[in-house]
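Each chain, written out:
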Amino acid sequence: MLPRLWKIGSGFIANTKRSTKTCTPMSADFNQRWHASYPELGTDPVPIEPLISPAYFALERDRIFRRVWLQVGRIEQLPEGGSYFVKDIPICQTSIVVVRGKDGQVRAFHNVCSHRSNKLLWGRRGSCQVMTCKFHGWSYGLDGKLSFVPDEENFFHFDKGRHGLTPVATEIWNGFIFIHLNPHPQETLREYLAEVADGLTGYPFAQLSTTRFSWRIDLRANWKIAQDAFQESYHLPFMHKQSLPDSYTSPKNPFCHYFGVKLWTHHRRSSSYGNPDHCPSPLEIVAQRFGSSVVNRTFAMEDLPPGVNPERRREWALDTFMVFPNFNIFVLNGTYLTHQFWPIAPDRTLWEVSTYFPAAQTAGQRFSQEYGKVLLRDVLLEDASTLEATQSVLASGAKTHYVLQEQEILVRHAHKVVEDWVGFYRERENRQ
Amino acid sequence: MTQRILPEIFTDLEPYAGWALTKEAERSRKRQQSTIEEIRAFYTTMLPRMEAVLTHLNQFPLDAMPEKEQRLFDMTLALAEVAPAVELFGKPSEDDVFDVARFVPEHE
């Protein structure tokens, strides 16, 4: 019996048209030595403790999530004055309301009433002219100023001007709304995003963001375990052997090696191979014919800005831009998707996935989007089960470290950057 | 004569009109609750008709389709939903896979 890895296409269509070319040796340009370019990362195993330790989690809260720019949503969620959405940030034990004022300005506030700290808005999204607390009817304008207090004359030495909502810093980049829990951040969002913003200059986010499909998953796994799964492609030929049998692998690149990796101070990027000989399924052919938004099928490189697929490889499928700490943008040709991982507890994460398309003009285009969306979801279902399975045995003590290979350098970098901010091991060493 | 529920030229697809579900969660639930034989019957009937179906539906505004066209369109979305089951997995969903109901659609 063949090893299970090669037993692809057990489905009805049996993938009979898929490539049966003989296996050729992996070409040299898929075998780059990324670690040699980043010797400061070392090659040692990576400790597991940060994935299970409550103490580490508390430090992540205080030293990362309270101190960085965090992506909370897109401007399309706020189409007009009065539009708002609520973003809970459980690791920081707060909730944020993001609202567009009548002046068009997007502002964000802690979603906390100034009276007795009730959570102000309980819904997820909506539109309003004033924000009113359920508890005692205190009302705030869209600019966060306290506008009405019932029975106001019974408060003492009371000045409404001193009791507005607590603002959080808010900036927008390419339609992505970021907040910073320090009201006076030390760096602007543009400075924070740095090389990510450089690399994505000119990418048509606005054009591609008019339709969005999203899922929320309450995942029983540490946020870094979840994020790690999207920072390496080594798992693809195994985990996704059924769902992605030949899209990102081929006899030329059987283990899905990257052909571009760039590690920056906090953020990182990778470029992934797409198999030009991918054999589409029967319905995929229909989806391609009636729409253009199925992933990984067009090669109009000249339409991409220079920072995307900077290697200008014809066999390019996608770039991943990992924005520290928890926001990942997967840029493709004609669509993009985002992952965000919100820590809730050391072993629990709110995972948000969105896939974005230009607004469909026809039924055929909308069908094509649905085809791509369902395939993405079914691929992610495979990832999700492994993430929870990993977490379920991680605290067993059976293993103390991760062993990482060449192609998992983004995972290594991610763990190093977190530790750079957290300093858990640095301080332990200093104490000894 | 019984009342037609799909456009005249697609009445052959009417036995599968139960797949005309408007929400992703409903479509994925029906996929999970169906046998692979039921799913394949739907897929193999729809697939050769898709060219004609989408060409027909493309004549109508996406956000204001007549009732019968809307029903047919929802069936095409259900076909997208079941495609991985037929084309990739050979079963409604893979063994040991994450529960799709835990992927809660947020924007759809």
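Residues numbered from 1 in each chain as written. Chains lettered and ligands numbered in written order. Predicted model: local features only at pLDDT ≥ 70, side-chain atom pairs only at ≥ 80, totals over all residues. Heavy atoms only, no water.

**What to know about the environment of arginine 49 of chain B**
Residues and elements named next belong to chain B.
So, step 1. Its location among the elements puts arginine 49 in the loop between helix H2 (36–46) and helix H3 (50–57).
So, step 2. Arginine 49 sits 22 residues away from arginine 27 along the chain, and the two C-alpha atoms are 20 Å apart.
So, step 3. Those residues in contact with arginine 49, other than ones at most four positions away along the chain, are Ile9, Phe10, Asp12 and Leu13.
So, step 4. In terms of polar contacts, arginine 49 uses its side chain to reach the backbone carbonyl oxygen of isoleucine 9, at 2.7 Å. (Helix = DSSP H or I, 4+ residues; strand = E, 2+ residues; numbered from the N terminus. Contact = heavy atoms within 4.5 Å. Polar contact = N/O pair within 3.5 Å; in protein donor to acceptor, adjacent residues only side chain to side chain.)

**Some words on the packing of helix H9 (residues 363–394) of chain A against H3 of chain B**
So, step 1. Between H9 of chain A and H3 of chain B, the least distance of the axes is 7 Å, while the angle of their chain directions is 125°. In terms of their interaxial angle, H9 of chain A and H3 of chain B are classed as oblique. Counted together, Ala363, Gly364 and Phe367 of chain A of H9 of chain A and Met50, Leu54 and Leu57 of chain B of H3 of chain B form the full contact between these two elements.
So, step 2. For the contact of H9 of chain A with H3 of chain B, the residue count by class is five nonpolar, one polar and no charged. (Axes fitted to C-alpha atoms, helices over the stretch in contact; angles between N-to-C directions. Parallel < 35°, antiparallel > 145°, perpendicular 65-115°, else oblique. Nonpolar A, V, L, I, M, F, W, Y, C, P; charged D, E, K, R; others polar.)

**As for the interface of chain B and chain A**
Accessible area lost on assembly of the parts is the figure often given for the size of an interface.
So, step 1. Every contact between the two is made by 42 residues of chain B and, on the other side, 49 residues of chain A.
So, step 2. Of the roughly 3,900 Å² buried between chain B and chain A, counting both surfaces, carbon and sulfur atoms make up 61%.
So, step 3. Linking chain B with chain A are 10 salt bridges.
So, step 4. At the surface where chain B touches chain A, the tally comes to 17 residue pairs in polar contact (both at pLDDT 80 or more).
So, step 5. Elements with a contribution of two residues or more to the side of chain B that touches chain A: helix H1 (24–33), H2, H3, helix H4 (67–89) and strand S1 (104–105) of chain B.
So, step 6. The element best represented in the side of chain B that touches chain A is H4 of chain B, accounting for 12 residues.
So, step 7. Among the residues forming the side of chain B that touches chain A, the class breakdown is 22 nonpolar, seven polar and 13 charged. (Buried area = accessible area lost by both parts, 1.4 Å probe. Salt bridge = Lys/Arg side-chain N within 4 Å of Asp/Glu carboxyl O.)

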